[in-house]
Amino acid sequence: MIRYLAQAGKAAKAKEALESLVQVVVAEEAACEGIWIHENTTAPEQPHIREFTTRAREFIAGPPRLRSGAGSGARRRRQAVRGHE
C-alpha cells in the first residue's frame, strides 16, 4: 500500500495526478496486476502517524521504500503450508 496525503485544498489535483499515474503504470508495466485508489474523505491522517512523520524528518533520510508485490511473502507461506498438508 502506498499512502499519500494531499495538501490542504489540493485533493482534487492530487487525485487527478494519481489517476493519470495509475493509467501509465498499468499500461506500461507488464507485471502490474492493477492499482486501486482508495479515497478517505472523512478522516484525516491519524494524529500519531502525522506526529511520527513530522518527527521522523529529523532522522529518516526520505520517504519509505515500498516494494512491489507486497503480500507475496504471505502468499508464498500459504502455498508452502498447503504443500505440507
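Residues numbered from 1 in each chain as written. Predicted model: local features only at pLDDT ≥ 70, side-chain atom pairs only at ≥ 80, totals over all residues. Heavy atoms only, no water.

On to the overall build of the protein chain. Of regular secondary structure, the protein chain possesses three helices and zero strands. In the protein chain, the order of α-helices and β-strands from amino to carboxyl end is α-α-α. Out of the 85 residues in the protein chain, the part that is buried amounts to 6%. Accessible surface, the protein chain: about 8,200 Å² in total, of which carbon and sulfur atoms supply 55%. (Helix = DSSP H or I, 4+ residues; strand = E, 2+ residues; numbered from the N terminus. Buried < 20%, exposed > 50% of the residue type's maximum accessible area, 1.4 Å probe, protein only. Areas by Shrake-Rupley, 256 points an atom, 1.4 Å probe, with all protein chains shown as cover.)

Tallied over the entire structure, the rule returns one aromatic pair. Relative to Phe59, the ring of Phe52 has its centre 6.3 Å away and its plane inclined at 65°; by these criteria the two rings are edge-to-face. (Phe/Tyr/Trp six-rings, centres within 6.5 Å; stacked < 30°, edge-to-face > 60°.)

On to a nonpolar patch on the surface. A cluster of nonpolar side chains, Val26, Ile35 and Ile37, forms an exposed patch at the surface whose accessible area comes to about 220 Å². Its location among the elements puts Ile35 in the loop between α1 (11-28) and α2 (47-56). The class of Ile35 is partly exposed, set by a relative accessible area of 36%. (Patch = residues over 30% accessible without salt bridge, like charges linked within 9 Å, V, L, I, M, F, W, Y side chains within 5 Å. Salt bridge = Lys/Arg side-chain N within 4 Å of Asp/Glu carboxyl O.)

Okay, the confidence of the model for the protein chain next. Considering every residue of the protein chain, the mean pLDDT works out to 76; 71% of them sit at 70 or more. Averaged pLDDT values over the elements of the protein chain bottom out at 46 in helix α3 (residues 72-83) and peak at 92 in α1. Taken as a whole, residues 72-85 scores under 50 in pLDDT and shows zero contacts with residues more than four places along the chain or in a different chain. (pLDDT = per-residue confidence, 0-100. Contact = heavy atoms within 4.5 Å.)

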